[in-house]
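# Structural overview
The primary structure of each chain is shown beneath.
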Amino acid sequence: MSSVKASRATGRATISDVAQLAKTGKTSVSRYLNGEQHLLSDPLKQRIEQAILQLDYRPSQMARSLKGGQTRLIGLIIADITNPYSVDVMRGIEAACRQHGFTLLVCNTNNEVNQEQHYLQLLSSYRVEGIVVNAVGMREEALSQLQQSQLPMVLIDRKIPDFACDVVGLNNHEATVIATEHLVQQGFEAILFLSEPVGTVNTRLERLHAFRQIMTQQHADLIAEQAETPLNDAAQLEQTLRDFHTRRRGMRKAVLSANGALTLQVARAMRRLGIHWGSDIGLLGFDELEWAELAGVGITTLKQPTYQIGHAALEQLVQRIQGRDAPPDERVFSGELIVRGSTTR
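Residues numbered from 1 in each chain as written. Predicted model: local features only at pLDDT ≥ 70, side-chain atom pairs only at ≥ 80, totals over all residues. Heavy atoms only, no water.

As annotated in an unreviewed UniProt entry, the protein carries the name LacI family DNA-binding transcriptional regulator and comes from Serratia rubidaea.

### Some remarks on the overall build of the protein
The test is simple: Helical segments are the DSSP runs of H or I of at least four residues, strand segments are the runs of E of at least two, and each set is numbered from the N terminus. Three exposure classes are used, based on accessible area relative to the maximum for each residue type with a 1.4 Å probe and protein chains only: buried under 20%, partly exposed in between, and exposed over 50%. By definition, residues are in contact when any of their heavy atoms lie within 4.5 Å. In short, Shrake-Rupley with a 1.4 Å probe defines the accessible areas, and a residue's cover is counted only from the protein chains shown.
A tally of regular secondary structure across the protein gives 13 helices and 12 strands. A total of 345 residues make up the protein; the buried ones form 47% of that total. Considering only contacts in the protein between residues 6 or more positions apart, those separated by 24 or more positions represent 68%. Accessible surface, the protein: about 16900 Å² in total, of which carbon and sulfur atoms supply 47%.

### Focus: the pattern of salt bridges
As a reminder of what qualifies: Between Lys or Arg on one side and Asp or Glu on the other, a salt bridge is scored when a side-chain nitrogen of the former is within 4 Å of a carboxyl oxygen of the latter.
This structure, assessed with the given rule, holds 12 salt bridges. Of the charged contacts, one joins Glu 225 and Arg 247 as a salt bridge, the two residues approaching to 2.5 Å between their closest N and O atoms. Residue Glu 225 is located in strand β7 (residues 223-228), and its partner Arg 247 is located in helix α11 (residues 234-247); the two are separated by 22 residues in the primary sequence. With relative accessibility at 13%, the residue Glu 225 sits in the buried group.

### As for the pairing of strand β8 (residues 253-257)
Using the following cut-off: What makes two strands pair is DSSP finding at least two bridges between them. The path from the first strand over the helix to the second decides the hand: if it runs clockwise while the strands point away from the viewer, the crossover is right-handed.
Among the 5 residues of β8, 5 are classified as buried, and the element is accordingly described as predominantly covered. Here β8 shows no split at all, with Lys 253, Val 255 and Ser 257 on one side and Ala 254 and Leu 256 on the other all buried. Pairing analysis gives 4 bridges linking β8 to strand β9 (residues 282-286), with the strands arranged parallel. The partner of Ala 254 across the bridge, within β9, is Gly 282. Following the backbone out of β8, through helix α12 (residues 260-273) and into the adjacent parallel β9, one traces a crossover that is right-handed.

Below you can see the structure in the form of structure tokens.
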């Protein structure tokens, strides 16, 4: 059986098959495929073209990329792909990848340490040219491994002490001031800033510090409270809301939720408790969610330009891949307040 027939039997033609059918050598075929057709005669180019069409030959992009030292692959590590914020960010990253001729490899760690380590090793084995990390809950040890890889990298909405890396995200201080001032202007006398456990996650810390600062310095006559609750602990969340509602009975009060995933859990908990946002208690959440305008009177949100954040992160990464040698940069975007019935008088 000839090599061409053998390749057909396996379902995939090789460059040797093309050369044999075109009655030439593999070097000439490689020149044809790599844009060096000016080095070939017209009859030879025609034979190679016909052989490629006849065999339905498709060169291995991975093999060609590795040979040239470039895979055109970008890795994206996400802590939780079910988070609407992450989905919108990913859309922006993927669009920018298409514009620059890169292919995106998405890895969802599901907030699990073993998955973080697995995907770090996997992306390294695929020889990605750079990594975008959208992992607010990602562990410090995993990020340390990333830094040691020395790959071009951009962090989204996450800053790490002593971690020299470009960062793209929301202007958390500005956004928190906008959200808090809105609640104050709507006459709320007691405001509860509710977040997942803050720890060392800078996003949560920056929003909490901004809330404390504006309430202490400009609205000291009002009541400012802060509580932390795990996202999956419904009982603790209900208890926190029940206590706040009871403790501030007779006052105009509101909850400021630190992210979209938590806002959803707060809304569910309020329904179970029979507390109505808008009439019994105000509710404002970071991140715009599709269901927010459909939830009864609607829930006021602080919308992040998530698509633009993802797009900008990939643009920044491409510059690093292309050799931009400058100190790590932080680029922040402004948010937009979407006012609905949950906070209006």
